[in-house]
Amino acid sequence: MLRSMFLSLSRASRVQRTIMRWPLAWRAASRFVAGTQLTEALRVIQDLNTRGINATLDHLGENTTTTDEAAQAAAEIEHILEEIDRSGARTNVSIKLTQIGLALDEAMCREHVARILAHARDCHNFVRIDMEETAYTEQTLSLYHQMRQRGFDNTGVVIQSYLYRSGFDVSKLVQEHARVRLVKGAYSEPRDVAYPRKADVDANFDRLTELLLSGVLAAGAPPLGEDGRTPPIPAIATHDARRVEFAQAHARRIGLPERAMEFQMLYGIRRDLQERLVAAGYPVRVYVPYGTHWYPYLMRRLAERPANVWFFVMNYFRR
Ligand SMILES: Cc1cc2nc3c(=O)[nH]c(=O)nc-3n(C[C@H](O)[C@H](O)[C@H](O)COP(=O)(O)OP(=O)(O)OC[C@H]3O[C@@H](n4cnc5c(N)ncnc54)[C@H](O)[C@@H]3O)c2cc1C
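The rules behind these values
- Residues numbered from 1 in each chain as written.
- Predicted model: local features only at pLDDT ≥ 70, side-chain atom pairs only at ≥ 80, totals over all residues.
- Heavy atoms only, no water.
- Helix = DSSP H or I, 4+ residues; strand = E, 2+ residues; numbered from the N terminus.
- Buried < 20%, exposed > 50% of the residue type's maximum accessible area, 1.4 Å probe, protein only.
- Contact = heavy atoms within 4.5 Å.
- 1 Å grid on protein atoms, 1.4 Å probe; cavity = no way out; pocket = protein on both sides within 12 Å on 5 of 7 lines; lining within 4 Å.
- Points joined across faces, edges and corners; volume = space filled by probe spheres on them.
- Nonpolar A, V, L, I, M, F, W, Y, C, P; charged D, E, K, R; others polar.
- Axes fitted to C-alpha atoms, helices over the stretch in contact; angles between N-to-C directions.
- Parallel < 35°, antiparallel > 145°, perpendicular 65-115°, else oblique.
- Left-handed = near helix turned anticlockwise from the far one by under 90°.
- Near = heavy atom within 4 Å.
- Polar contact = N/O pair within 3.5 Å; in protein donor to acceptor, adjacent residues only side chain to side chain.
- Areas by Shrake-Rupley, 256 points an atom, 1.4 Å probe, with all protein chains shown as cover.
- Sits in = over half its atoms within 2 Å of the grid points.
- Pairing = 2+ DSSP bridges.
- Phe/Tyr/Trp six-rings, centres within 6.5 Å; stacked < 30°, edge-to-face > 60°.
- Lys NZ or Arg CZ within 6 Å of the ring centre and 35° of its normal.

J.: Is there a simple way to think about the side chain of Asp202 in this case?
T.: The topology assignment puts Asp202 in helix H9 (residues 198-219). Judged by relative accessible area, Asp202 falls into the buried class, the value being 11%. Those residues in contact with Asp202, other than ones at most four positions away along the chain, are Lys184, Asp240 and Arg243.

Here it is as structure tokens:
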């Protein structure tokens, strides 16, 4: 119930305006958000890099409401790619298509993505297309395929294990040598498209992990980019130690080397597990969001773990 409440709050714009004025809200967000400025996020990434962890940088924003805002967001992503190149940071970039206008004009969004990918290629970098609500799943996958057809190999997609359709999508993507990030899924979805029970989402995550990892062996996947920017084909993105152990065990069973896969986690969550995986020789990438549009991102993190709310409130009053 609390999960649904936070997920509906993530879309409530009037509540957003009120909550964003509370100092406690920013304190809560700053556990998960690297700062409001790019320089702050790059500093966090340099620190991760020194600990042997790669990153994916996300300029927060979604559901843009005007074409001007979408164009500005796309230009900002190109600027970020240049700054990464200048800094030499071991990070790629994650984008949300509704930030650059998917909900407004698909053709315009497609051209923004093509320009971003061309720019990323010039900057020797990779762009991951995040997955949003199911209203956009089909369009997101289709746009990804169009980019591959246009010759862009420096991009990848995200598959959510809570969706019934994901087994079909993963089987197809594996054959296309697509770089896939596997997640459980962070939005509120109806039971006719998504598993309502967490146990089923977890079981499907393991099934999709098997499909992805076995698919990599069959595909003879290229090695991880030496600059830490191009990810291997499968990225297992979870903080769930059981899912991580399952992936490790399956990889060992089929003889997939540690460096042929990657584990991904969110900034501010399970740093202990990140470090354990690095020490065991696995590539680890942390998703580092920054910017002023942190509200929906924070609500999704609270939805995943409502206990976080009490943690923040207690800390606030203890101060
Ligand atoms: C790198 C990365 C990229 C992602 N990209 C997308 C995307 O494009 N689209 C999408 O829909 N979703 C995305 N997600 C979010 C994902 O779908 C899940 O909502 C999120 O990862 C929580 O699920 P879990 O796998 O960690 O498992 P859970 O079962 O939710 O959590 C397992 C354990 O992890 C810890 N944990 C999990 N969440 C939190 C939290 N918020 N605060 C504190 N501890 C926590 C707890 O110890 C918990 O017991 C991404 C996640 C990661 C790691």
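J.: Is there a simple way to think about the layout of surface pockets in this case?
T.: A water-sized probe rolled over the atoms picks out the places where empty space is left. Size it by volume and the largest pocket reaches roughly 1,300 Å³. Taken together, 48 residues line the largest pocket, and the ones lying closest to its centre are Arg3, Lys184, Gly185, Ala186 and Glu304. The set of elements that each furnish at least two residues to the lining of the largest pocket consists of helix H1 (2-9), strand S4 (155-160), strand S5 (179-183), H9, strand S7 (262-266) and helix H12 (295-304). Residues belonging to the lining of the largest pocket are distributed by class as follows: 23 nonpolar, 8 polar and 17 charged.

J.: Just to check I follow, could you spell out the packing of helix H4 (residues 38-50) against helix H5 (residues 67-87) for this structure?
T.: When two helices pack together, you describe them by how their axes are tilted relative to each other and by the distance separating the axes. For the pair H4 and H5, the least separation of the axes is 12 Å and the interaxial angle reads 40°. As far as their axial angle goes, H5 and H4 are oblique. Handedness of the H4/H5 crossing: right-handed. Contacts between H4 and H5 involve Leu38, Leu42 and Gln46 from the former and His79, Ile80, Glu83, Ile84 and Ser87 from the latter. Looking at the contact of H4 with H5 residue by residue, the class counts come to 4 nonpolar, 3 polar and 1 charged.

J.: For this particular structure, what's the right way to read the site of the ligand?
T.: Residues in contact with the ligand amount to 26 residues; listed here are only the nearest, Gly185, Lys198, Thr238, His239 and Glu304. At 2.7 Å from an oxygen atom of the ligand is found a side-chain nitrogen or oxygen belonging to Glu304. Computed on the free molecule, the ligand has an accessible area of 930 Å², of which 87% lies beneath the protein chains in the complex. When atoms are counted within 2 Å of each cavity's grid points, the one that captures over half of the ligand is the largest pocket. Among the secondary structure elements, those contributing two or more residues to the shell around the ligand are S4, S5, S7 and H12. Among the elements that line the shell around the ligand, the one with the most residues is S7, at 3 residues. Grouping the constituent residues of the shell around the ligand by class yields 11 nonpolar, 6 polar and 9 charged.

J.: What exactly am I supposed to notice about the sheet that holds strand S3 (residues 127-129) here?
T.: In any sheet, the strands associate via hydrogen bonds between backbone groups, in a parallel or an antiparallel arrangement. Reading around the circumference, S1-S2-S3-S4-S5-S6-S7-S8 is the order of the 8 strands in this closed barrel, with parallel pairing throughout. For this sheet, the mean angle separating the axes of adjacent strands, direction not counted, is 30°. In terms of strand pairing, strand S6 (residues 234-237) meets S7 through 3 bridges, oriented parallel. When the bridges of S7 are listed, Ala235 appears paired with Glu262.

J.: Sorry if this is basic, but what is going on with unusual backbone geometry here?
T.: Not every positive phi belongs to a glycine, and His124 is a case in point at roughly 55°. By secondary structure assignment, the location of His124 is in the loop between helix H6 (106-122) and S3. The backbone of His177 shows a phi angle near 55°, a positive value even though the residue is not glycine. Residue position: His177 is located in the loop between helix H8 (166-175) and S5. Classification of His177 by relative accessible area gives partly exposed; the value is 39%.

J.: How do you make sense of the packing of aromatic side chains when you look at a structure like this?
T.: Aromatic rings considered in pairs are described by the distance between their centres and by the relative angle of their planes. This model, assessed by the stated rule, comprises 4 aromatic pairs. Judged by centre distance (5.6 Å) and plane angle (55°), the ring pair of Trp26 and Trp294 falls under tilted. Taken together, the residues Trp26 in helix H3 (residues 23-29) and Trp294 in the loop between strand S8 (284-290) and H12 connect sequence positions 268 residues apart. The class of Trp294 is buried, set by a relative accessible area of 5%. An angle of 5° between the planes, with centres 6.4 Å apart, marks the rings of Tyr287 and Tyr297 as stacked. One end of the pair, Tyr287, is in strand S8; the other, Tyr297, is in helix H12, and 10 residues separate them in sequence. For the residue pair Tyr287 and Tyr297, the accessibility class agrees, reading buried in each case. Across from the ring centre of Tyr297, 4.5 Å away, lies the NZ or CZ of Arg301, which sits over that ring.

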